[in-house]
Amino acid sequence: MILGDLTKAHATLGFPPVIAEICDYLSGLDLQGLELGRHDINADVFMNVMEFETAEASSKKAELHHRYLDVQLLISGTELIEYGVGNPDLGGYEAYQEEDDYQLTSQEIADKNSVVLKPNMFAVFFPYEAHKPGCNINGQPVNLKKLVVKIPYTLL
């Protein structure tokens, strides 16, 4: 997992080139003005822009991906994301959804950590890194606008 903030100078220093390029691209957008839905960035990379209300972490399932990295950028609101690094035991996960590249679980994330995102902050989750986005902070639901960029790991 990588954590960053688009408003910071040198925000992508040392990042893999494809992630740095995507962050530079996002920095040039009117994030508040983005329409909801899918936006193709190039032939291989796309983003989904969404709005939703956060929920209790215990009511949500953790997800992971096999083929894509997620660059999750918060546009408005405040969000807690639970995550784990390493190789999770996929035995407790639901069947892999190949077409949409995700796998879910209700089980607790092993060696769980959490991060709070505020507007213009982003988290990058690599394949097989379990994450549970959209969680409440201090039990308070908040309306969010965020985007998730999907980058094939083969571009790293």
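About the cut-offs
- Residues numbered from 1 in each chain as written.
- Predicted model: local features only at pLDDT ≥ 70, side-chain atom pairs only at ≥ 80, totals over all residues.
- Heavy atoms only, no water.
- Buried < 20%, exposed > 50% of the residue type's maximum accessible area, 1.4 Å probe, protein only.
- Helix = DSSP H or I, 4+ residues; strand = E, 2+ residues; numbered from the N terminus.
- Pairing = 2+ DSSP bridges.

As annotated in an unreviewed UniProt entry, the protein chain carries the name YhcH/YjgK/YiaL family protein and is attributed to Pasteurella testudinis DSM 23072.

A.B. asks: How should the pairing of strand 5 (residues 68-76) be read in this particular structure?
C.D. replies: If a strand is regular, its side chains alternate between the two faces of the sheet. Taken across its nine residues, strand 5 has eight buried, putting it largely inside the fold. In this structure, strand 5 lies alongside strand 9 (residues 121-125), joined through four bridges in antiparallel fashion. Each residue of the ladder has a partner; that of L73, found in strand 9, is F122.

A.B. asks: Please explain the pairing of strand 11 (residues 143-152) as it appears in this structure.
C.D. replies: Counting buried positions along strand 11 gives nine out of ten residues, so the element sits mostly inside the fold. As paired strands, strand 3 (residues 46-53) and strand 11 are joined by eight bridges and run antiparallel to one another. The residue bridging M47 from the neighbouring strand is V149, located in strand 11. Examined bridge by bridge, strand 5 and strand 11 share eight bridges and lie antiparallel to one another. Among the inter-strand pairings, V71 is bridged to a residue of strand 11, identified as V149.

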